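# Geometric and topological summary
Each chain is listed here by its residues.
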Amino acid sequence: MIFKDIQYLYTVVTQVIMYFSAIFYNIEAFALHIRYLFYLNPIFVYIRYFRKIVIDNDIPEPSFHLLCAFYALAVLLIGGFIYKKYNYKFLYYV
């Protein structure tokens with residue numbers, strides 16, 4: 001690692017992501033404007049998508065399909081950009 005302090009913040013960041021993913025609770029208890037903030041978390045969207053299929057035995061709305069596709073495409077583009085930018089450094093480590 002470049003910065004040694006990151007290893008201590010990593011556990012904190014992963015816990016925050018887990019709590020904002022609504023794995024253990026239902027978001028219906030929150031106000032409507034707060035519920036929309038959960039959809040900014042891609043992990044929440046995918047968990048909600050699979051819960052809709054498996055638990056509710058229902059097909060998600062087309063907006064869910066588009067949101068999942070958007071997050072997948074965004075991560076693919078960001079990963080491709082980072083790979084292209086740091087390709088020469090990656091080859092030295094492999």
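Preceding this paragraph is the structure being described.
Residues numbered from 1 in each chain as written. Predicted model: local features only at pLDDT ≥ 70, side-chain atom pairs only at ≥ 80, totals over all residues. Heavy atoms only, no water.

### Examining the nonpolar core
Formed by Ala 22, Ile 27, Phe 38, Phe 44, Val 45, Tyr 49, Phe 64, Cys 68 and Tyr 71, the largest nonpolar core amounts to 9 residues. Elements supplying a minimum of two residues to this core: helix H3 (42-54) and helix H4 (62-85). Beyond its immediate chain neighbours, meaning those up to four positions away, Ile 27 contacts Ala 22, Arg 35, Phe 38, Tyr 39, Phe 44 and Arg 48. (Core = buried A, V, L, I, M, F, W, Y, C linked by side-chain atoms within 4.5 Å. Buried < 20%, exposed > 50% of the residue type's maximum accessible area, 1.4 Å probe, protein only. Helix = DSSP H or I, 4+ residues; strand = E, 2+ residues; numbered from the N terminus. Contact = heavy atoms within 4.5 Å.)

### Things to note about a nonpolar patch on the surface
Together, Ile 78, Phe 81, Ile 82, Tyr 86 and Tyr 88 make up a nonpolar patch on the protein surface, roughly 550 Å² of accessible area in all. Looking at the nonpolar patch, the element that brings in the most residues is H4, giving 3 residues. For Tyr 88, the position within the fold is in helix H5 (residues 87-93). (Patch = residues over 30% accessible without salt bridge, like charges linked within 9 Å, V, L, I, M, F, W, Y side chains within 5 Å. Areas by Shrake-Rupley, 256 points an atom, 1.4 Å probe, with all protein chains shown as cover. Salt bridge = Lys/Arg side-chain N within 4 Å of Asp/Glu carboxyl O.)

### Some remarks on the packing of aromatic side chains
Under the definition given, this model contains 8 aromatic pairs. Measuring from ring centre to ring centre gives 5.6 Å for Phe 38 and Phe 44, while their planes differ by 50 degrees; the resulting arrangement is tilted. Summarising the aromatic geometry, the rings of Tyr 39 and Phe 44 are spaced 5.2 Å apart at their centres and angled 80 degrees between planes, so their arrangement reads as edge-to-face. Within the aromatic cluster, the residues linked to one another by ring pairs are Tyr 25, Phe 30, Phe 38, Tyr 39, Phe 44 and Phe 64. (Phe/Tyr/Trp six-rings, centres within 6.5 Å; stacked < 30°, edge-to-face > 60°.)

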